[in-house]
Amino acid sequence: MPSLTHLQRLEAESIDILREAVAESAKPVMLYSIGKDSAVMLHLALKAFYPSKPPFALLHVDTTWKFREMYVFRDAMVQRTGMELIVHTNPDGLRDGINPFTHGSALHTDIWKTQGLKQALDAHGFDLAFGGARRDEEKSRAKERVFSLRSAQHRWDPKQQRPELWRLYNARKNIGESLRVFPLSNWTELDIWQYIYREQIPIVPLYLAQPRPVVERDGALIMVDDERLPLRAGEQPTMRNVRFRTLGCYPLTGAIESEADSLAAIIQEMLIAKTSERQGRMIDRDVSGSMEKKKQEGYF
Amino acid sequence: MSISNDLGAPSIEQYLHTQAHKSLLRFITCGSVDDGKSTLIGRLLYESKMLFEDQLATLAADSKSVGTQGDDLDFALLVDGLSAEREQGITIDVAYRFFATEKRKFIVADTPGHEQYTRNMVTGASTADVAVILIDARQGLLTQTRRHSYLVSLLGIRKIVVAINKLDMLDYSQEVFERIAHDYRAFAQRIGLDDIVCIPISALRGDNITTPSTNTPWYRGPVLIDYLDSVSIAGDMPTDPFRFPVQWVNRPNSEFRGYSGRIVGGSVRPGDRLRVLPSGKEATVARIVTQDGDLDLASNGQSVTLTLNEQIDISRGDVLCSTSDPAGVADQFEATIIWMSEEEMLAGRPCLLKIGAKTVSATLAPPKYKINVNTLEHLASKTLELNEIGVCTITLDQPISFDAYTQNRDMGGFILIDRISNNTIAAGLLHFALRRSQNIHWQAIEIDKRAHAALKGQRPAVLWFTGLSGAGKSTIANLVEKKLHALGRHSYLLDGDNVRHGLNKDLGFTDADRVENIRRVSEVAKLMVDAGLIVLVSFISPFRAERQMARELLDRGEFCEVFIDTPIAEAERRDPKGLYKKARRGDLKNFTGIDSPYETPEHPEIRIDTTTISSEDAAERIVAHLVANGVLLQA
């Protein structure tokens, strides 16, 4: 009997997790951030419930600062899959005009992402949210359970995590509590790219290299995606061949110089990469342990 | 032997092919505190070049500010990711790490050494093929070494690497290495572990991790990474009987009815005859459906959707099995229990048992024995505390399908969940079904609850009075019963004190005995409801879990919780039996409200505040509630 390949094993495990979570929750939702992990997670959901449509909506917690191409791609994917899309924008962020330039990346992330996510989950009464987080991303993620319990205030308590044995997940919770479920826990960045390649999963074109207008700022290449980016003295956007390993808010996401303009080229480039994917993420740099702190405050 | 990231692969297709056919080895590292587990994993990540420049820069900075290795890199900081772990310099929770060599991919569970986190170690071990047990050469075998080895053996891991670490601090002494290896083998033999490789290492200096060390010329065995690369993993046995727990019934429209799940044993083809358990019905596989097209064959580990030729009733939690070698079905088992809750096990308190996709109500009997993991002695015990392991009988409220854990981990491994907190409180391994579970059947009785009630012209119910000692439960219950009697209703009052004189006179006031006290009274109340009576139960019943259990024994609408809400100060002032005075003097132990907890009802049907309402009015209110809910109408 042929044994399963590595990607087949990961796929089977993720499908198992997706189905189990749906079977055990009253109102699930999938967090959809338009990135490569979201793309894989959505692809797996379509497989898990086939020929039914996945029995939940997609939730995009929108910061209003994503790359323009991401919004275009999001709407195209919704059309293509027929999934319901819920977009939530924190009204406090809109009212106060929160942005990464005047308010700093930490406050920007807290208001738009953490608070926005909590508002959206509460407003719709979702008791379970799928997230595309992977254990290889960050040290505190490596400690995260597949089924992660959050308090009624959405807090994560790393010392009170439930033991998670075999393939058995305890999805029970009290009123007000909710679960974050991570079907991609055991995937690595390289697994994600190989799977996208094998399955021909559509991704935002920003992952592929092409000439784009960028400025060099605090050691990162920031793309000038619209007129909202205030140029500092002496900054002059130049066209450079760049791509992104991770996608977030455009002013907080550094590009890398690259010639990789196909999926095959991306995988080849990854094999000789000297830096981690999150290296371009300004929001991780705030302090050591900042992801853990954000998770405790309710970030996914 | 070299580790690399397969640099310069000639073509992407060739590279992906190589990647796809690498095997995956899951292993855990375990052992006592401070024996260098995190350092070892940090070094494996470092040596296998799985670290990026920015991560190394962070490591260098962290090593300077919070490291414990002076100017050297502190590899432990790569894995101890939680702030509390860094503060205390220990591993609290299991972390899963990934790395790869040219031959294999690895998932390593880095598990905590501290005894208080043993449950996290068990979590890591439950999915592992191999265990790397670290021993600090200066310390030799410790309690945790034995405990973890025993757990590893219990969970079915058969391949063991004993990494005898910190030999650099003992001048790489061959004598020390051989003495510890000898001690370990002697212990391991007693717990059924015999596939053991001992390797002298220094995780800190890198000896015998990826390359043979010149410091141990006397050692001829494999270095750690070579062992991990080449150890054989028990493959999927195609001859194993087919097992498929149904996770989700897939019904996109009235034309299609599929059963989604993951195969946990054997394989399946269209045309195979399957048995549905526990119902025992049979059906034939029509299609194996996936989004990528129908399959001719699906085997262990695959997530698929099956359709059947016959229309039979199958729900989530049922198991589809081969007809030639089906799983067992039973509702009573002997099992090994690994207790994982801070609160001790209370025999008799119902909890939830989850196995596969099935969750049922379960009750544990007091342990037959618990196991001293140092001496492997069987000890008598009435309970299990955090991290203790015992063998118990477990009784379910409905039959499940199962295999012994040693036959199939997915069909024989379960977790227990607390009904109130919803926490996972234990892990269990099924051994075998008890014969009596297959031999005691429900006697079908023709004169049933309805018939009894109809003759009495009422709807049976339980009025469950709960509250502190001296709250006024019995007084009010008494008044209610007098009113029911005057109305010509058939009732019976079960009073806590009275029942303790007879049926429950063998029970004391420990938490475990209180649980059993309420369990028996609930069962008596249920029998009386069956007989058509209105039953008044007046018991302190301090724990929510037992009141919930009593509620669940009855049909919907038959249970009415009456909370006699008297503040403790007021109950103590009244002190009708002088018990509070005794308890305050210390003459009475385990007194509710003083040195034993009372868990207030959260959603009682009726709440009586005795500081604002008289007993007479309270009784009126309760009778009015029965009238409003139709209990006193003609049935």
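The rules we used
Residues numbered from 1 in each chain as written. Chains lettered and ligands numbered in written order. Predicted model: local features only at pLDDT ≥ 70, side-chain atom pairs only at ≥ 80, totals over all residues. Heavy atoms only, no water. Helix = DSSP H or I, 4+ residues; strand = E, 2+ residues; numbered from the N terminus. Rg over C-alpha atoms; globule rule 2.2 N^0.38 Å. Buried < 20%, exposed > 50% of the residue type's maximum accessible area, 1.4 Å probe, protein only. Areas by Shrake-Rupley, 256 points an atom, 1.4 Å probe, with all protein chains shown as cover. UniProt positions renumbered as here; feature names shortened; annotations may be inferred. Contact = heavy atoms within 4.5 Å. Polar contact = N/O pair within 3.5 Å; in protein donor to acceptor, adjacent residues only side chain to side chain. Buried area = accessible area lost by both parts, 1.4 Å probe. Salt bridge = Lys/Arg side-chain N within 4 Å of Asp/Glu carboxyl O. Nonpolar A, V, L, I, M, F, W, Y, C, P; charged D, E, K, R; others polar. Domains from an automatic or database assignment.

Undergrad: Whenever I open this one, the overall build of chain A confuses me. Can you help?
TA: Regarding its fold elements, chain A presents 8 helices and 10 strands. Its C-alpha radius of gyration of 19 Å places chain A within 12% of the 19 Å reference for a compact globule of 300 residues. By its C-alpha atoms, chain A is 55 × 50 × 40 Å across when sized along the principal axes. Relative to its 300 residues, chain A shows a buried fraction of 63%. By element, 51% of the accessible surface of chain A is carried by carbon and sulfur atoms, the whole surface being about 10900 Å².

Undergrad: I'm lost on the UniProt feature "active site" (unreviewed entry) in chain B in this one. Help?
TA: All names here are of chain B. As annotated in UniProt, the feature "active site" (unreviewed entry) corresponds to Ser 541 in the numbering used here. Note on placement: Ser 541 falls in the loop between strand 25 (534-538) and helix 15 (544-553). Apart from residues no more than four positions distant in its own chain, Ser 541 is found in contact with Trp 464, Phe 465, Thr 466, Ile 518, Arg 547 and Tyr 598. At 3.0 Å, the side chain of Ser 541 forms a polar contact with the backbone oxygen of Phe 539.

Undergrad: Which parts of the structure should I look at to understand the interface of chain B and chain A?
TA: Interface size is commonly expressed as the accessible surface area that is lost when the partners come together. Taken together, the 95 residues of chain B in the interface contact 66 residues of chain A. Of the roughly 6700 Å² buried where chain B meets chain A, counting both sides, 55% is carbon and sulfur surface. Applying the counting criterion to the chain B and chain A interface returns 7 salt bridges. For Arg 316 of chain B, the salt bridge identified is with Glu 24 of chain A, shortest N-O distance 2.6 Å. The interface formed by chain B and chain A includes 24 residue pairs in polar contact (both at pLDDT 80 or more). No other element matches helix 1 (residues 12-20) of chain B, which puts 6 residues into the side of chain B that touches chain A. A breakdown of the residues in the side of chain B that touches chain A according to their chemical character gives 39 nonpolar, 35 polar and 21 charged.

Undergrad: Would you mind going over the domain arrangement of chain B with me for this structure?
TA: All names here are of chain B. Per the domain assignment, the segments of chain B are domain 1 (12-230), domain 2 (243-322), domain 3 (328-435) and domain 4 (449-628). Summed over both sides, the interface of domain 2 with domain 3 buries roughly 900 Å², with 61% coming from carbon and sulfur. A per-residue breakdown of the area domain 2 buries against domain 3 is headed by Arg 243, Val 264 and Pro 278, which together make up 45% of the total. Run the count over domain 2 and domain 3 and you get 1 salt bridge. As a salt-bridge pair, Asp 403 and Arg 243 come within 2.6 Å of each other at their nearest N and O atoms. Where domain 2 touches domain 3, the interface holds 2 residue pairs in polar contact (both at pLDDT 80 or more). The greatest single-element share of the side of domain 2 that touches domain 3, amounting to 4 residues, is contributed by strand 7 (residues 243-253). Tallied by class, residues from the side of domain 2 that touches domain 3 come to 6 nonpolar, 3 polar and 3 charged.

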